[in-house]
Amino acid sequence: MLEFRRVLAFSSRVHSYLLMLYIFFAVLFLMTFFIDSPADLISLLSLCMALLSWTLVFEGVWIVLACLYQFFYSHVFAFAPLILTVVRTAVMLVLATLCDVLETLVTRGLTL
């Protein structure tokens, strides 16, 4: 079971790296609000963020299911990967919401 815990720890680390990559693209996307950027760059950044967000979600589901499998198999529950996965997914959702709200505000404006 130790080998499976190592796989779980490695998956959690990959999830962290994916979040860092998502943050990088989110910062680039937010910089397009201040710098004149072509529409192709903005659409490419949006596509990259969408692909990374789905990858983060699927990797998070894998980690949660792996934690549950480990619990049922060895009766030891791995809290740290589960909690960190939830936090990383929440950070990604907050960043995605912030980028989407700012893009909507810039492109369509504020209507009351």
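Residues numbered from 1 in each chain as written. Predicted model: local features only at pLDDT ≥ 70, side-chain atom pairs only at ≥ 80, totals over all residues. Heavy atoms only, no water.

Caption draft 1: View of the overall build of the protein. Secondary structure assignment for the protein yields three helices and zero strands. Along the protein, helices and strands appear, N-terminal first, in the series α-α-α. For 112 residues, the compact-globule estimate of 2.2 N^0.38 gives 13 Å, and the C-alpha radius of gyration of the protein, at 18 Å, exceeds that figure by more than 25%. Seen through its C-alpha atoms, the protein measures out along the principal axes to roughly 55 × 30 × 15 Å. Residue burial in the protein is summarised as follows: out of 112 residues, 29% are buried. Contacts spanning at least 24 positions in sequence make up 74% of the contacts within the protein whose residues lie at least 6 apart. With the model as given, the accessible surface of the protein reaches about 7,600 Å², and the carbon-plus-sulfur share is 75%. A distance of 18 Å separates the average location of the 5 positive side-chain charges in the protein from that of its 6 negative side-chain charges. (Helix = DSSP H or I, 4+ residues; strand = E, 2+ residues; numbered from the N terminus. Rg over C-alpha atoms; globule rule 2.2 N^0.38 Å. Buried < 20%, exposed > 50% of the residue type's maximum accessible area, 1.4 Å probe, protein only. Contact = heavy atoms within 4.5 Å. Areas by Shrake-Rupley, 256 points an atom, 1.4 Å probe, with all protein chains shown as cover. Lys, Arg positive; Asp, Glu negative; His and termini not counted. Charge placed at Lys NZ, Arg CZ, Asp CG, Glu CD.)

Caption draft 2: Fine view of the side chain of serine 53. Locating serine 53 in the fold gives a position in helix 2 (residues 39-74). Taking the relative accessible area as the measure of exposure, serine 53 reaches 15% and is therefore buried. Within the structure, the side chain of serine 53 is placed 2.8 Å from the backbone oxygen of alanine 50, a separation counted as a polar contact. Discounting chain neighbours no more than four positions away, the residues touching serine 53 are Tyr22 and Met92. (Polar contact = N/O pair within 3.5 Å; in protein donor to acceptor, adjacent residues only side chain to side chain.)

Caption draft 3: Structural view of the environment of aspartate 100. The topology assignment puts aspartate 100 in helix 3 (residues 79-108). Aspartate 100 gets classed as partly exposed once you look at its relative accessible area, which sits at 46%. Taking the C-alpha atoms as reference points, aspartate 100 and serine 46, 54 residues apart in sequence, are found 9.7 Å from one another.

Caption draft 4: Molecular detail of unusual backbone geometry. Positive phi, normally seen in glycine, also occurs at histidine 75, with a value near 60 degrees. Residue position: histidine 75 is located in the loop between helix 2 and helix 3.

Caption draft 5: Quick peek at the nonpolar core. Counting residues in each nonpolar core, the largest one holds 13 residues, and the members touching the most others are Tyr22, Met49 and Leu56. Setting aside chain neighbours within four positions, we find tyrosine 22 in contact with Met49, Leu52, Ser53, Leu56, Met92, Leu95 and Ala96. Counting residues in each nonpolar core, the second largest holds seven residues, with Leu8, Ile63, Ala66 and Ala78 among its members. (Core = buried A, V, L, I, M, F, W, Y, C linked by side-chain atoms within 4.5 Å.)

Caption draft 6: Structural context of the packing of aromatic side chains. Evaluated as defined, the whole model comprises eight aromatic pairs. Ring geometry for tyrosine 69 versus tyrosine 73: centroids 5.7 Å apart, planes at 15 degrees, classification stacked. Taken as a pair, tyrosine 69 and tyrosine 73 lie in helix 2 at a separation of four residues, close to a single helical turn. What makes tyrosine 73 exposed here is its relative accessible area of 55%. (Phe/Tyr/Trp six-rings, centres within 6.5 Å; stacked < 30°, edge-to-face > 60°.)

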